[in-house]
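Each chain, letter by letter, is given below.
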Amino acid sequence: MDQIDYNVQPPHLYPEYKSTILRSPTKPLMIVKEYLKDLSLPAFGESMIGKFDNDLTKNARKNGEPIGERIKVSGKVMDEYGRPLHNVLVEIWQANSAGRYIHKAEIHDAPLDPNFLGAGRMLTDAEGSYSFYTIKPGAYPWGNHFNAWRPNHIHFSVIGHQIGHRLVTQMYFPGDPLFEFDPIFQSVPKHARGLLIAKFRMDWTDPEFALAYEFNIVLNGKSQTPFE
Amino acid sequence: MERLQQTPSQTVGPFFAYSLTAEQYSYEYNSIVNELLLDDNTEGERIYITGSIYDGKGNAISDAMIELWQADADGNYRALPINKKNDGFTGFGRLGTGTNEKHHFTFKTIKPGSVNGQSPHINVILFMRGSLHALYTRMYFSDEANYCDPLLSSVEASRRQTLIAERKEINGSITYHFDMHMQGEKETVFFEV
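Taking an unreviewed UniProt entry as the reference, chain B is identified by name as Protocatechuate 3,4-dioxygenase subunit alpha belonging to Panacibacter ginsenosidivorans. UniProt annotates chain B under Sequence similarities (unreviewed entry) with the comment "Belongs to the intradiol ring-cleavage dioxygenase family."

The name given to chain A in an unreviewed UniProt entry is Protocatechuate 3,4-dioxygenase subunit beta, and the organism recorded there is Panacibacter ginsenosidivorans. Quoted verbatim from the Sequence similarities (unreviewed entry) heading of the UniProt record, the comment on chain A is "Belongs to the intradiol ring-cleavage dioxygenase family."

See below:
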């Protein structure tokens, strides 16, 4: 079985997302599993994670609370057999509640928030779980086509245990009316798009504090025989 | 055992820098790794790795991110956290292409030893706006006997050169220059993992 499951993964070239046209490989990728599949990735340690790295409502405060709707995002990182992956580095970044990135090259003129950077990181625990607090990101326009807007999303970078575990993806929010207009979201085959949408979890809410979402991540890895 | 569906990949977008490469781009957040894979205590031949990434029109890409993952001088992969052997070698580096006006990248590291009989090499993972997947490739060294490397030998002969970095001595420093091309005659060989 192929390691990359193109039934759920986007293609490399998706012309509606214009930047793929000049930046995607034109030749088929070479399959060389025998030399790469067992290559482990570095294990990151707790010592590399700062105290508030998993709380984006606190880690960039200057003179007050960041503006916007506080949320908690939690989930599990697993392999394709549902086995939890511990000690996986999860890094995140996002726009603020007004839909503005703090990035210097960002030109969208929504307000910056002096108390919000929009960056965080954490490691999964022994059960493969991670959790962070943040501010719900806003939608924003971009230059792909006339009246292009990105749905609300949080970027995820994941470093697991082997080279096939390296994943960069985006988490979206349920019921976003922009889904059908966004070529990046649409690049994923229709039946698999739900895998990128977090589940609203009333039962995980912090009462009087933050609504909660669940986003689980399943990593592509070597097809070893699972434990029974 | 039932197989779960993989989480689909998405682009890193143009605005990763303040999270993934914060210090390089002067944001107020620390970087977990950077362009230095070593410190003064690391054993091995000091080298620089430079290059650029070019799009299908031959323009250098300004919003890409490169990760390197390599063995130490003895051919062993290390596990972070760094300083495990107290020699400052991380084996893992990360750099964006947006802080140099020509969109070059420059890593400082050591030349890796041979791993399991393969020619010395560095694993490269590439991300950029417009790339819906992480892309994997390998950098080999022009002054090594690469013809016997099993992976490189399995690459079509006419494309092997795209995986070999050229050794140069610049002001007494050893530099390997490794350009990557997304498309065109010199399109880099990328691997499916």
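A. Just the overall build of chain B, in detail. Helix and strand counts for chain B stand at 2 helices and 11 strands. For chain B, the N- to C-terminal ordering of α and β elements is α-β-β-β-β-β-β-β-α-β-β-β-β. A compact globule built from 193 residues should have a C-alpha radius of gyration of about 16 Å, and chain B, at 17 Å, falls within 12% of that. Pairs at least 24 residues apart make up 68% of the contacts formed inside chain B by residues separated by at least 6 positions. For chain B, the computed accessible surface area is about 7600 Å², with 42% contributed by carbon and sulfur atoms.

B. The arrangement of the nonpolar core in detail. Membership of the largest hydrophobic core comes to 49 residues, with the highest contact counts inside it found for F44(A), W93(A) and F191(B). Listed by contribution, the elements that provide at least two residues to this core are β3 (89-94) and β4 (119-123) of chain A together with α1 (17-20), β3 (64-69), β6 (121-128), β7 (135-141) and α2 (150-153) of chain B. Tallying contributions element by element places α1(B) first for this core, with 3 residues. Core analysis: the second largest hydrophobic core is formed by 26 residues, I47(B), F107(B), M128(B) and M139(B) among them.

C. Region of interest: the UniProt feature "domain: Intradiol ring-cleavage dioxygenases" (unreviewed entry) in chain A. Listed under "domain: Intradiol ring-cleavage dioxygenases" (unreviewed entry) in the UniProt record, and renumbered for this structure, are residues 73-101 of chain A. The span residues 73-101 of chain A shows a helical share of 0% and a strand share of 41%, and its end C-alpha atoms are spaced 19 Å apart.

D. Region of the structure containing the UniProt feature "domain: Intradiol ring-cleavage dioxygenases" (unreviewed entry) in chain B. The positions UniProt marks with the feature "domain: Intradiol ring-cleavage dioxygenases" (unreviewed entry) are residues 49-77 of chain B. Annotated as 0% helix and 38% strand, the span residues 49-77 of chain B places its first and last C-alpha atoms 19 Å apart.

E. Representation of the interface of chain A and chain B. Taken together, the contact pairs 90 residues of chain A with 68 residues of chain B. Carbon and sulfur atoms make up 60% of the surface buried where chain A meets chain B, a total of about 7300 Å² over both sides. Taken as a group, L22(A), R23(A) and M30(A) account for 12% of the area that chain A buries against chain B, more than any other trio of residues on that side. Applying the counting rule to chain A against chain B returns 5 salt bridges. Notably, a salt bridge pairs E91(A) with R94(B), separated by 2.9 Å at the nearest N-O pair. At the junction of chain A with chain B, the criterion picks out 40 residue pairs in polar contact (both at pLDDT 80 or more). Put simply, the parts of the chain that give the side of chain A that touches chain B at least two residues each are β1 (30-31), α1 (33-36), β3, β4, β8 (153-159), β9 (167-172), α2 (183-186) and β12 (217-218) of chain A. Here β1(A) runs beside strand β11 (residues 191-192) of chain B; their pairing, made up of 2 bridges, is parallel.

F. Geometry of a nonpolar patch on the surface. Nonpolar side chains collect at one region of the surface, where F200(A), M202(A) and L211(A) lie side by side and expose about 280 Å² of accessible area between them. Look at F200(A) and you get partly exposed, because its relative accessible area is 37%.

G. Molecular detail of the packing of aromatic side chains. One pass over the structure, following the stated rule, counts 20 aromatic pairs over all chains. Relative to Y77(B), the ring of W69(B) has its centre 5.2 Å away and its plane inclined at 40 degrees; by these criteria the two rings are tilted. You can call Y77(B) partly exposed: its relative accessible area is 24%. Here the aromatic residues Y101(A), Y140(A), F15(B), Y18(B) and Y27(B) are joined through ring pairs into a cluster of three or more.

H. Representation of the pattern of salt bridges. Throughout the structure, instances matching the rule amount to 22 salt bridges over all chains. Among the salt bridges present, the one from R3(B) reaches E80(A), with a minimum N-O distance of 3.4 Å. Of this pair, R3(B) sits in the segment before α1 while E80(A) sits in the loop between β2 (70-78) and β3, each in a different chain. For R3(B), a relative accessible area of 27% gives the class partly exposed. Taking relative accessible area as the criterion, E80(A) reaches 7% and is therefore assigned buried. Connected via shared salt-bridge partners are E45(B), K111(B), D143(B), E144(B) and R167(B).

I. Inspection of the layout of surface pockets at higher detail. A volume near 620 Å³ is recorded for the largest pocket. Of all the elements, strand β6 (residues 140-142) of chain A adds the most residues to the lining of the largest pocket, at 3 residues. Of the residues that constitute the lining of the largest pocket, the class distribution is 15 nonpolar, 11 polar and 6 charged. Forming the walls of the second largest pocket are 17 residues, and the residues nearest its centre are Q161(B), T162(B), I164(B), D179(B) and K186(B). In terms of residue count, strand β8 (residues 164-170) of chain B provides more of the lining of the second largest pocket than any other element does, 3 residues in total. Considering only residue class, the lining of the second largest pocket consists of 3 nonpolar, 7 polar and 7 charged.

Definitions and cut-offs
- Residues numbered from 1 in each chain as written.
- Chains lettered and ligands numbered in written order.
- Predicted model: local features only at pLDDT ≥ 70, side-chain atom pairs only at ≥ 80, totals over all residues.
- Heavy atoms only, no water.
- UniProt positions renumbered as here; feature names shortened; annotations may be inferred.
- Helix = DSSP H or I, 4+ residues; strand = E, 2+ residues; numbered from the N terminus.
- Rg over C-alpha atoms; globule rule 2.2 N^0.38 Å.
- Contact = heavy atoms within 4.5 Å.
- Areas by Shrake-Rupley, 256 points an atom, 1.4 Å probe, with all protein chains shown as cover.
- Core = buried A, V, L, I, M, F, W, Y, C linked by side-chain atoms within 4.5 Å.
- Buried < 20%, exposed > 50% of the residue type's maximum accessible area, 1.4 Å probe, protein only.
- Buried area = accessible area lost by both parts, 1.4 Å probe.
- Salt bridge = Lys/Arg side-chain N within 4 Å of Asp/Glu carboxyl O.
- Polar contact = N/O pair within 3.5 Å; in protein donor to acceptor, adjacent residues only side chain to side chain.
- Pairing = 2+ DSSP bridges.
- Patch = residues over 30% accessible without salt bridge, like charges linked within 9 Å, V, L, I, M, F, W, Y side chains within 5 Å.
- Phe/Tyr/Trp six-rings, centres within 6.5 Å; stacked < 30°, edge-to-face > 60°.
- 1 Å grid on protein atoms, 1.4 Å probe; cavity = no way out; pocket = protein on both sides within 12 Å on 5 of 7 lines; lining within 4 Å.
- Points joined across faces, edges and corners; volume = space filled by probe spheres on them.
- Nonpolar A, V, L, I, M, F, W, Y, C, P; charged D, E, K, R; others polar.

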